[in-house]
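Each chain, letter by letter, is given below.
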Amino acid sequence: MIAEDSVLLREGLARLLTEHGIEVTGTAGTADKLLVLVDGDEPDVVIVDIRLPPTHTDEGMRAAVEIRAEHPGVGVLVLSQYVEVGLAMQLLGDSADGAGYLLKDRVANVNDFIDAVHRVANGGSAIDASIVSALIAKQRHRDPIDRLTPREREVLELMAQGRSNQGIADEFVITLRAVEKYVSNIFSKLDMPSTGSDSKRVLAVLLYLRG
Amino acid sequence: MAAPAWTDTAPSASAVVLIAIFGALAGIVMVAMAMTNPELHQPGMRAMLACWITIPYIAAGVVAWKQKPASKLGLLMVIAGFATFPNFLVWSANDLLFTIGTATQLLPPVLFLHVFLSFPSGRLGSRLDRGVVWAAYGAAALAVPAILLGLGAPRNVLALAAAPSWADFLQSLQLLVLSGLMLLGIGLLIRTRRRNGPPLRVSMTLLVDAFSLGLLMVAALLMAGWLEWSAFLDPLRHTTFSVVGLAPIVFLIGLLQAHLGRAWVGELLVSPDTEPGPVELQEAVARALRDPSARLAYWLPEVGSYSDVDGRLVEAHPGVGRSETPIMRRGVPVAMLHYSADLEDEPALVGAVAAAAGMVIHNAALQVELRSRLEELRGSRARIVEAEDRERRRLERNLHDGAQQRLVALALELSTLGELVSSDEVLRTRVDAASSEVAASLAELRDLARGIHPAGVSDHGLAVALESLATRASVPVRIVGVTDERLPEHVELAAYFLVCEGLANIARHAGATSAVIELKREGSNLLVDVTDDGVGGANRAGGTGIRGLADRVETLGGHLQVWSPPGEGTRLSAMIPCV
């Protein structure tokens, strides 16, 4: 289900998703219409533009937070021209399950975008790379982030974006076992418990990086 | 309006002497009757109270009549005072006089009601006022049939029949109706006060309170008479008389204050060398009028409008419950005097105050003109900043809704195209190159739009926007005291720009290792501090950035301080009013 006020983009997105085997069950130009649609027929995932009519400020964000509260089974992927750390944390609240927040430009990177839609639909998360890299950059000179090896830092970034171990292995063309080794190294260097699902570790890492 | 009323004549000296003689005579007769009546309980006290509710009305009436012949109130009070005497004839040993006294027993309360409701003009203002007063006179007139039916037997010499039960019934009816009308009278007093807005002069408030209390006591006394509570009757009568007699005394005090007011007018003129400033003049005028709500509105010929003492533009006409009088200087109107409509019955006082103010207003008028220009300047600075913000916001919105959306759609289209031509290596490379170009354009456009207007602040508030700033900052930044509360947009923008500038300075020259952003609410103000631990030595005059920020903050009525001793870091501190 898609909520986007630009017709051009709404149609483009719908076509892209359909071409990649994702059924689009509804489209909306306003947050109110989206909420009605979701109440009527829960989709696996909604894709919401953060700026929607009438004020084009935070209507989409408020709708996203509401859907996450009212329909825990529905994944919510928020798209925005800007990404703000504070907004990502607002969207996640106390869980990163089924939540995504991406820069709008990312739709052009089709494979990654479709992968993110699938992840969020299946209860995982997708956090924009620019948020994660800004947070890591902010902490880069601080112990213990600067004790991570470059490759470990890259793995940490992908982890915080919501990628699974398999996804990280595919990205770097390395084995799953190697990724698991990096992950456990990272958690022990950061002195964090390495438990839980992919999205649990997203929230843990983001909270850690946010300081 | 007041001019024709001036032709109403004041009582001549001989009329005043006559009134005094008759009043004194009536009083002496009344006291004599009371003291020689063997049946009267506490004759001294009764005689004194009888004087208390008659003489002050006559005296206050004469003073009011002389001072304000335009108002019929003085005459009405004199008549009410005299018309109260006959009811005391019940103390007489003569049966005819006793009968007359009995017949006029209930006249005084009606007279008091009439006086109270016709304050201050001496005329009954509304149809309702007139209805209540005439109904009360009608009820009092029921005494005539009651007398004819034998009320007050056996001393009643005018009885035509002896029907005591009918006479008693009529009297009960009188008491009941009159007490109801008294309560209605209180309602009318309250209504008038409400309609005229809050009472503006203390003496006026006291007077209306005295009237209301008087009517209430009279109503209670009449009810006690109807219920035949003989035990309460005497103390209640004493209290009621005391209260009713108080009203003309309070009225007299008010009249006396009018004289004092004229003394204050004199004070305005005492030292012509030092003309008062706008505020002092307004205070002096308010004192002279005994009206704390009195305001001066200065005429600004260049603007073509009126201004208050602080230089802010105001309406020429003061609104409901308020009156206005022009203040002239050398025949030219320079200001408007706005005052409570209660003062309309004192045109002489208002005229004197306006005339006195006109003689010393020059200096104050010049100061107000200067203040209005400063106010105008501040207003136009604020409007410029506001217009610029609005325009920037519009630009950003247009970029977002137009170019950015289209570029994203284009990027989407290109990537779909890229998939379609994936078999053709050359085409694929070119499409990918085009995609990268579009992605780069989007990134540039995003930075441009963000530079034009920080949409994050307007859309999501300071908390979100400041966290992003802190995340991108060159040194670790701690944020203290930010809440999700939304403030007016211009306040949030000013705070945001302040933090931006502070962090940018830190990145450029502070040599700092950390910074703290602190927000605090103090009353209706927002305090924003950006502190770093760098080399210090920055100053407000230095950067155009800081100068621009100070402009913005001052435009909002706030101020900006830069504290930056060499070697001790830098602190930017702004106070921004949240209105």
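Because the structure is a prediction, the values reported are computed rather than measured.

Quick notes on the overall build of chain B
Each helix and strand in chain B was counted, giving 20 helices and 10 strands. Taken over 579 residues, chain B has a buried fraction of 46%. The contacts of chain B with a sequence gap of at least 6 include a subset with a gap of at least 24, amounting to 67%. Within the structure as shown, chain B displays about 28000 Å² of accessible surface, and the carbon and sulfur contribution to it stands at 64%.

Comments concerning the confidence of the model for chain A
This prediction gives chain A a mean pLDDT of 91; 100% of its residues lie at or above 70. Averaged pLDDT values for the elements of chain A fall to 86 in helix α10 (residues 198-210) of chain A and rise to 96 in strand β3 (residues 45-49) of chain A.

Things to note about the nonpolar core
In terms of nonpolar packing, the biggest core is built from 66 residues, with Trp91(B), Phe116(B), Leu117(B), Leu178(B) and Phe251(B) touching the most fellow members. No other element matches the 10 residues that helix α11 (residues 202-227) of chain B contributes to this core. Non-local contacts of Phe116(B), meaning those with residues more than four positions away in its chain, are made with Tyr57(B), Leu189(B), Phe211(B), Leu215(B) and Ala247(B). Counting residues in each nonpolar core, the second largest holds 56 residues, with Ala3(A), Ile127(A), Phe172(A) and Val179(A) among its members.

Here's the deal with the sheet that holds strand β4 (residues 322-329) of chain B
Where strands meet in a sheet, backbone hydrogen bonds hold them as pairs that are either parallel or antiparallel. All names here are of chain B. Reading across the sheet, the 5 strands line up as β3-β2-β1-β5-β4 and stay open at both edges, with antiparallel pairing between neighbours. The outermost strands of the open sheet, each flanked by one partner alone, are β3 (313-314) and β4. Sitting on the sheet, helix α13 (residues 278-289) is in contact with β1 (295-300) and β5 (332-340), with an inclination near 135 degrees to β1.

Notes on the packing of aromatic side chains
The tally for this structure, following the rule as stated, stands at 9 aromatic pairs over all chains. On the basis of an interplanar angle of 85 degrees and a centroid distance of 6.1 Å, the ring pair of Trp166(B) and Phe169(B) is categorised as edge-to-face. In this pair, Trp166(B) and Phe169(B) both sit in helix α10 (residues 164-195), 3 residues apart, roughly one turn of the helix. Take Phe169(B): its relative accessible area is 46%, and that puts it in the partly exposed class. The residue whose ring lies beneath Arg151(A) is Phe172(A), and the NZ or CZ to ring-centre distance is 4.3 Å. The side chain of Arg571(B) reaches across the aromatic face of Trp563(B), ending 5.3 Å from its centre.

About the criteria used
- Positions within a chain are numbered from 1, following the residues in the order the chain's sequence is written.
- By the order in which they are written, chains take letters starting at A while ligands take numbers starting at 1.
- Local features are withheld for residues below a pLDDT of 70 in this predicted model, meaning they are given only at 70 or higher, and side-chain atom pairs are given and counted only at 80 or more; totals for whole chains, interfaces and linings count all residues.
- Side-chain metrics in this entry use all non-hydrogen atoms of the structure; hydrogen atoms and water are not considered.
- Each helix corresponds to a stretch of at least 4 residues labelled H or I by DSSP, and each strand to a stretch of at least 2 residues labelled E; elements are numbered beginning at the N terminus.
- Here's how the labels work: a residue is buried when its accessible area is under 20% of the maximum for its type, exposed when over 50%, partly exposed in between, all with a 1.4 Å probe on protein chains only.
- Contacts were defined at the residue level, with two residues in contact if any of their heavy atoms lie within 4.5 Å.
- To be clear on the numbers: accessible area is Shrake-Rupley with a 1.4 Å probe, and residue cover counts the displayed protein chains and nothing else.
- Known as pLDDT, the predictor's per-residue confidence is scaled from 0 to 100.
- Note on terminology: a nonpolar core comprises buried Ala, Val, Leu, Ile, Met, Phe, Trp, Tyr and Cys residues joined through side-chain atoms within 4.5 Å.
- The pairing criterion for strands is at least two bridges between them, as found by DSSP.
- Only the contacting stretch of a helix is used when fitting its axis, a line to C-alpha atoms as for every element, and angles between N-to-C directions run 0 to 180 degrees.
- Two aromatic rings from Phe, Tyr or Trp, using only the six-membered ring of Trp, form a pair when their centres are within 6.5 Å; if the ring planes differ by under 30 degrees the pair is stacked, by over 60 it is edge-to-face, and anything between is tilted.
- Geometrically, a charge over a ring is one whose NZ (Lys) or CZ (Arg) sits within 6 Å of the ring centre while staying within 35 degrees of the ring normal.

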